[in-house]
Amino acid sequence: MPRHIKIGLIVFGIGGAIAMGFFVDIVGRVRSMVNERETEENPFKPPAQPLYSPTDPPMAVKVFFPAESGDSLLVAEDQTIFQSAEIANRARQILQKIQEGPKLDTMLAPLPKDAKVQDLFISEQGTAFIDFSDAMATAHPGGVLNELTTIYSIVDSLTYNLPEIKQVKILIGGVEKETLAGHCLLLLPLEMDLSITNVMPRDEKIAQLPRSASAVARSIN
Amino acid sequence: MKLIRIAISLAALGAALFFFGGLIRAADTNIPIYFPNSKLVVKAEVLNRVTYLPIKQVIEFMGIPYTDALALETLTIRSGNSRLLMTKNSALVSYNDQILLLPSPILREDGRWLAPIEFLTIGLTRLTGTEFRYRAGAPRIYAENVDAPELEMNAQTLGPITRLTLRCSVPLNVELKRDDQRAILAIDRSVDPFRERLDHRDRMVRSVVFDDSDGNAKIVVDTTRDVTDMRLTAADNNRVYFLDLFTKREPVTEAVPPPALPAAPAARPDVIPAERKVRVVVIDPGHGGMDTGAKSAAIAEKDFTLALARKLRSALQTRLGTTVLLTRDSDVALDNEARSAVANNNQANLFISVHAGYSTNKTDAGSSVFVMKENFGEGFTTASATGRDQLFLPWYLGYRIHQQASVSAANFLQEALSKAIPGSKFAVRTAPLAVLSSATMPSLLLEMGNLNNPMNAQTLTDASFQSRLAATIADAVQRFSESPQAAAN
């Protein structure tokens, strides 16, 4: 083989090796960028703590579910939870009931099947912060009315049964989201709205009692 | 043997290029430094992702004495009794015998001293007391108390036109210069843009870039050949400017009227001569792009909303002669703020967002007309906030000024739809809706049917049903336009 061809081949080979090096470097960088986004699952999960103790008394609650039809968007279903010492644990129990869905066929399940409550805490001002898993938004089928009933079944069920909770702030995947599925604003904490339910506010119920009955109630107190 | 030597040296060269390739000079940019009554444009060099400034040029401009010791390879800058000493290839700077550390070493090339941009704040501010301000990635520096108001740029495709909006907190003088395929908006003072360039491309705009590399602020709009005309309009005492780009395909009469001027009535034979209170209607087809909205086997929500919005646009234009703009006229994703911004920017008198419903109950076929939930966000306004605190008030309450008119428009729509489509339920409801919350005009959201109901989904895909629906909505808009509630707008 002539000498100049040999030199040419060697130069070509080195050039190829350098190009390959750059390519490997670029691929490595892209991979590292992609990998950075992946988050590992926490291997040290805290042990599941019971939401109530065996001595806690039962507590009747109204859990709001989307109505299949009718004038009210949400319909209350009577359920029982346990009156645990911590309000947050009572709230978790109510959320469990919402996740499980209604017992009657005339109501619909408000949450997507895979949605899970990741965290819940209640601030001193009475705002319950609930962090749902990403599935709450990604698996939501959409629709304004559907989104509204999902949100208010949570807000109304918590604020109606637990007066300590004044408002509810919904987080998704650990962060604040503008909307759940593109419609309803989640940036501000939401307050109870019973106008879309078949239940009257508690104070209005007392006001509508006959005089004698409210006088009796006062004398008992 | 000779061959091996050549090969080894070539391999070494290749390896050196591979390892030190990152240090190769990236680009040179001109950076203006704005002083209170003057400005200096320096040629900055970007080396290994660090911006270097020719420091001698800066201190000469500021009139600060210095000594450039060629033999020692040091530069000494003096101010009063203070002294700052920098050495070639060192990130350590001596300030009155105190050591300061720079994030990158100082370089000296061809007699030029190059210091990383941080040297201004770490070294020069201590020495002279002159403060420097700059944002990471922004190619401009402000010295001392130079007032540079923030400039916001925004571009939108509004049906037949493309509109570039400029907003500033102080009045500006902007001059439009037109080149072959370029529009240059020259601004008469130094401003601080939020963004250097807009990520906006459409059939008329290639790029929108803010440029002050020669010390004169200007916005360069690269346009395509489709642009036949452009118009610059000022509003809000020269604090807001609109640059409208027109294309030959659409008649110019359909373009958005300048907001500061009364709208010119379109010359159409079927236009109602009575005083129209609704002059500009913005229709928002819900969802778009990756965000398909609710889905059925027959249609995706984003396609239904766009088809209905287009039909509604032509119905409103024919019947009322109003200017009608769509927030999107193609399959693109938009966030909720951008949607209401189209209505706000164009001084719309009515904003209608169109959606399709979805219920897990497959037999449900109800529709709703939504208005913003009354008193939403009321508990979170800081009415007592003063001064700077007011800057942080959330912009969720824009809807409140026209809440009553929104309810009235929703009632007109509900009435018209209930009559035109008997057997279907239309309820007026309230909800905390993101797209309506910051719309500062009567605004409503129509949610049609249930895409989970196969019969209902089939009806919604029917073009003749869509046309009937559009005509009914146009009827309701006409009735609202003639009502006293619309006058309050």
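Scroll up to find the structure.
First things first, this report covers the structure right here in the doc. (Residues numbered from 1 in each chain as written. Chains lettered and ligands numbered in written order. Predicted model: local features only at pLDDT ≥ 70, side-chain atom pairs only at ≥ 80, totals over all residues. Heavy atoms only, no water.)

## Looking at unusual backbone geometry
Residues and elements named next belong to chain B.
- For Asp97, which is not glycine, the phi dihedral falls at a positive 65°.
- Mapped onto the secondary structure, Asp97 falls in the loop between strand S7 (92–95) and strand S8 (98–101).
- A relative accessible area of 65% means that Asp97 is categorised as exposed.
- You will see that His287, though not glycine, has its phi angle at about 60°, which is positive.
- Take His287: it is sitting in the loop between strand S23 (280–285) and helix H4 (301–320).
- On the basis of relative accessibility, which here comes to 4%, the residue His287 falls in the buried class. (Helix = DSSP H or I, 4+ residues; strand = E, 2+ residues; numbered from the N terminus. Buried < 20%, exposed > 50% of the residue type's maximum accessible area, 1.4 Å probe, protein only.)

## Concerning a nonpolar patch on the surface
- Nonpolar side chains collect at one region of the surface, where Met1(A), Ile5(A) and Leu9(A) lie side by side and expose about 320 Å² of accessible area between them.
- By the secondary structure assignment, Leu9(A) is in helix H1 (residues 3–37). (Patch = residues over 30% accessible without salt bridge, like charges linked within 9 Å, V, L, I, M, F, W, Y side chains within 5 Å. Areas by Shrake-Rupley, 256 points an atom, 1.4 Å probe, with all protein chains shown as cover. Salt bridge = Lys/Arg side-chain N within 4 Å of Asp/Glu carboxyl O.)

## A word on the environment of Leu102(B)
Residue and element names in this part refer to chain B.
- Tracing the backbone shows Leu102 in the loop between S8 and strand S9 (107–109).
- Taking the relative accessible area as the measure of exposure, Leu102 reaches 3% and is therefore buried.
- Considered as a pair, Leu102 and Glu118 are 16 residues apart in the sequence and their alpha carbons are 7.1 Å apart.
- The residues touching Leu102, leaving out its near neighbours within four places in the chain, are Ala91, Val93, Pro116, Phe119 and Ile122. (Contact = heavy atoms within 4.5 Å.)

## Looking at the environment of Val75(A)
- Inspection of the secondary structure puts Val75(A) in strand S2 (residues 74–82).
- Measuring from C-alpha to C-alpha, the distance between Val75(A) and Pro102(A) comes to 9.9 Å, with 27 residues separating the pair along the chain.

## Comments concerning helix H3 (residues 119–128) of chain B
- Those residues of H3(B) lying buried are Phe119(B), Leu120(B), Gly123(B), Leu124(B), Thr125(B) and Leu127(B).
- The first or second residue beyond H3(B) is Gly129(B), which carries a positive phi of 85°.

## Some remarks on the interface of chain B and chain A
- Taken together, the contact pairs 35 residues of chain B with 35 residues of chain A.
- Taken over both partners, the interface formed by chain B and chain A buries close to 3,000 Å², and the fraction arising from carbon and sulfur atoms is 68%.
- Here Lys373(B) ties to Asp193(A) by a salt bridge, and the two come within 2.4 Å at their closest N and O atoms.
- Of all the elements in the fold, those that place two or more residues in the side of chain B that touches chain A are helix H1 (2–20), strand S25 (350–356), strand S26 (367–372), strand S27 (426–431), helix H7 (434–437) and strand S28 (443–448) of chain B.
- Ranked by residue count, the leading element in the side of chain B that touches chain A is H1(B), at eight residues.
- Grouping the constituent residues of the side of chain B that touches chain A by class yields 18 nonpolar, 11 polar and six charged. (Buried area = accessible area lost by both parts, 1.4 Å probe. Nonpolar A, V, L, I, M, F, W, Y, C, P; charged D, E, K, R; others polar.)

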